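Notes for the structure review
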Amino acid sequence: MLRVIVRRLLQLVVTLIALSALIFVWLRNLPGGPIEALLGERATPERRALLTKALGYDQPILVQYGKFMSRVVTGDFGNSIRSGDAVTSVIGRAFPATIELAVAALIIAIGIGVPLGYLAARYHGRLLDNLSIAGTLLGISIPIFFLGYLLKDVFTQNVHWFPPSGRLSTGMDNTEVTGFFVLDGLLTREFDVTADALWHLILPAFTLATIPLAVIVRITRASVLDVLNEDYVRTAEAKGLRHRTIRGRHILRNGLLPVVTTIGLQTGALLSGAVLTEKVYNWGGLGTLIYDSISGGRDYPVLQALILLAALVFVVVNLLVDVSYAFIDPRVRVR
């Protein structure tokens with residue numbers, strides 16, 4: 001197992017280096033580039049030349065990339081073009097909001113998706129199965145921004161069950177410890193803050209969870225249907241094992257491998273879906289930061305760091321998925 005983890009960590013390092021090189025070259029070759037973003041379109045050629053030399057952009061691209069990577073390994077991504085603050089500080093302020101939203105969405109998707117997919121397979125061809133197929137098809141086909149505005153209109157404007165935007169109500173006095181408002185409320189015993197943060201979190205999290213939820217239901221259903229027809233399940237039933245034992249030890253455990261793989265892949269989809277969800281609900285996380293970095297002045301240092309961060313989260317989650325295979329299927333440990 002240790003050999004698998006070391007191999008995956010080496011693959012992770014190679015992936016991040018290759019991605020960082022691609023991003024670096026891509027951003028340097030965009031029309032305008034960082035120099036125009038800093039000086040504006042009307043800068044004189046002399047000012048451009050001075051800034052190009054001052055930033056080292058007149059050096060060979062390999063030299064520039066080497067210097068960039070030497071700073072990145074120390075956590076220095078430079079300063080934001082828009083605010084002038086360190087990129088790590090800018091991202092650090094937005095990071096908890098997106099992680100809180102993504103974790104809540106993942107909990108909803110897994111908590112509902114796996115049991116519903118199992119029940120749909122167990123009652124194959126019946127009403128619950130047909131409803132789940134129709135519901136998941138609807139969940140996958142609706143664009144996330146349209147669903148966000150639809151839910152927002154119904155539940156915040158018509159029935160007033162949830163707040164329309166933000167992470168906390170106006171005037172809520174909270175003590176910030178980690179930036180995760182739900183967790184901060186528990187740590188500081190400000191339970192009204194936790195309740196208010198959860199109240200604001202439900203609707204955006206459900207919006208973001210719709211596509212992963214639909215995919216998990218479908219994969220779980222298909223995987224369980226495959227396992228149900230295996231010889232070892234019929235053998236277990238013929239031996240007279242209890243249904244609970246057959247379901248837990250023979251069906252669900254063997255059917256979980258493709259589901260776990262899907263959950264790992266859907267984590268990347270959650271990060272990309274967060275851009276739209278955060279704009280709809282004015283959430284103020286990494287998605288909003290990506291949008292502002294692209295549309296509000298081409299903030300290349302922030303954009304570069306955000307893409308690398310998204311890639312890092314994605315490969316780490318998939319590393320955890322690979323490690324979890326060994327606990328779900330003992331045969332993986334001996335290969």
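Reference entry: report on the structure contained in this document.

Criteria and thresholds
Residues numbered from 1 in each chain as written. Predicted model: local features only at pLDDT ≥ 70, side-chain atom pairs only at ≥ 80, totals over all residues. Heavy atoms only, no water. Helix = DSSP H or I, 4+ residues; strand = E, 2+ residues; numbered from the N terminus. Buried < 20%, exposed > 50% of the residue type's maximum accessible area, 1.4 Å probe, protein only. Contact = heavy atoms within 4.5 Å. Areas by Shrake-Rupley, 256 points an atom, 1.4 Å probe, with all protein chains shown as cover. Lys, Arg positive; Asp, Glu negative; His and termini not counted. Charge placed at Lys NZ, Arg CZ, Asp CG, Glu CD. Axes fitted to C-alpha atoms, helices over the stretch in contact; angles between N-to-C directions. Parallel < 35°, antiparallel > 145°, perpendicular 65-115°, else oblique. Left-handed = near helix turned anticlockwise from the far one by under 90°. Nonpolar A, V, L, I, M, F, W, Y, C, P; charged D, E, K, R; others polar. Salt bridge = Lys/Arg side-chain N within 4 Å of Asp/Glu carboxyl O. Expected span 1.5 Å × (residues − 1). Bend = angle between axes of the 7 residues up to and from the residue. Core = buried A, V, L, I, M, F, W, Y, C linked by side-chain atoms within 4.5 Å. Phe/Tyr/Trp six-rings, centres within 6.5 Å; stacked < 30°, edge-to-face > 60°. Lys NZ or Arg CZ within 6 Å of the ring centre and 35° of its normal.

1. Details of the overall build of the chain
Along the backbone of the chain there are 13 helices and zero strands. For the chain, the α and β elements follow one another from N to C terminus as α-α-α-α-α-α-α-α-α-α-α-α-α. The C-alpha extent of the chain, read off along each of the three principal axes, is 85 × 55 × 40 Å. Counting only residues that meet the buried cut, the chain has 41% of its 335 residues in that class. If you take every contact in the chain between residues at least 6 apart in sequence, the share linking residues at least 24 apart comes to 70%. Summing over all exposed atoms, the chain offers an accessible surface of approximately 18,300 Å²; the carbon and sulfur share of this is 65%. One finds the centroid of the 31 positive side-chain charges in the chain at a distance of 10 Å from the centroid of its 24 negative side-chain charges.

2. Quick notes on the packing of helix α5 (residues 87-122) against helix α6 (residues 127-141)
As a packed pair, α5 and α6 sit with axes 7 Å apart at the nearest point and diverge in direction by 130 degrees. One way to sum up the angle between α5 and α6 is to call them oblique. The two elements α5 and α6 cross, and the hand of that crossing is left-handed. Across the interface between the two elements, Leu116, Leu119 and Ala120 from α5 touch Leu128, Asp129 and Ser132 from α6. Split into classes, the residues belonging to the contact of α5 with α6 amount to four nonpolar, one polar and one charged.

3. Section: the pattern of salt bridges
Enumeration over the complete set of coordinates arrives at four salt bridges. The shortest N-O distance in the salt bridge between Arg93 and Asp85 comes to 3.3 Å. Overall, the relative accessible area of 54% leaves Arg93 in the exposed class. Between Arg167 and Glu100 there is a salt bridge, and its shortest N-O distance comes to 2.9 Å. With Arg167 in the loop between α7 (144-158) and α8 (181-187) and Glu100 in helix α5, this pair connects stretches of sequence that are 67 residues apart.

4. Examining unusual backbone geometry
Phi at His160 takes a positive value of approximately 55 degrees, unusual for a residue other than glycine. Along the polypeptide, His160 turns up in the loop between α7 and α8. Judged by its relative accessible area of 56%, His160 is exposed. Of note, Arg189 is a non-glycine position whose phi angle comes to about 60 degrees, a positive value. Relative to the helices and strands, Arg189 is located in the loop between α8 and α9 (191-228).

5. Brief notes about the side chain of Arg221
Its location among the elements puts Arg221 in helix α9. In this view, Arg221 contacts Gly117, Ala120, Ala121, His124, Asp129 and Ile133; residues no more than four positions away in its chain are not counted.

6. Some thoughts on the environment of Leu213
Residue placement: Leu213 occurs in helix α9. C-alpha separation for the pair Leu213 and Gln157, spaced 56 residues apart in sequence, amounts to 25 Å. Setting aside chain neighbours within four positions, we find Leu213 in contact with Ile108, Ala109, Ile112 and Gly113.

7. Here's the deal with helix α11 (residues 243-281)
Here α11 is 39 residues long, yet its end C-alpha atoms lie only 45 Å apart, well below the 57 Å a rise of 1.5 Å per residue gives. In the structure, α11 departs most strongly from a straight axis at Leu257, where the bend amounts to approximately 40 degrees and where the proline Pro258 lies between one and four residues downstream. The positive-phi residue at the C-terminal boundary of α11 is Asn282, with phi of around 50 degrees.

8. Looking at the nonpolar core
Leu101, Leu201, Leu208 and Ile216 are the most contacted members of the largest nonpolar core, which totals 23 residues. The leading source of residues in this core is α9, at nine residues. Setting aside residues up to four positions removed in sequence, Ile216 forms contacts with Ala109, Ile110, Gly113, Val114, Val259 and Ile263. One finds Leu27, Leu303, Ala305 and Leu308 within the second-largest nonpolar core, a separate group that totals 20 residues.

9. Focus: the packing of aromatic side chains
Scanning the entire structure with this criterion turns up five aromatic pairs. Judged by centre distance (5.6 Å) and plane angle (65 degrees), the ring pair of Phe24 and Tyr65 falls under edge-to-face. Residue Phe24 is located in helix α1 (residues 2-28), and its partner Tyr65 is located in helix α4 (residues 61-72); the two are separated by 41 residues in the primary sequence. For the pair Phe24 and Tyr65, one class covers both residues: buried. Through a chain of ring-to-ring contacts, three or more aromatic side chains come together here, namely Phe24, Tyr65 and Phe68. Over the ring of Phe181 we find Arg167, and its NZ or CZ is 3.9 Å from the ring centre.

10. Examining the environment of Ile110
Tracing the backbone through its elements, the reader meets Ile110 in helix α5. Here Ile110 falls in the partly exposed class, since its relative accessible area comes to 30%.

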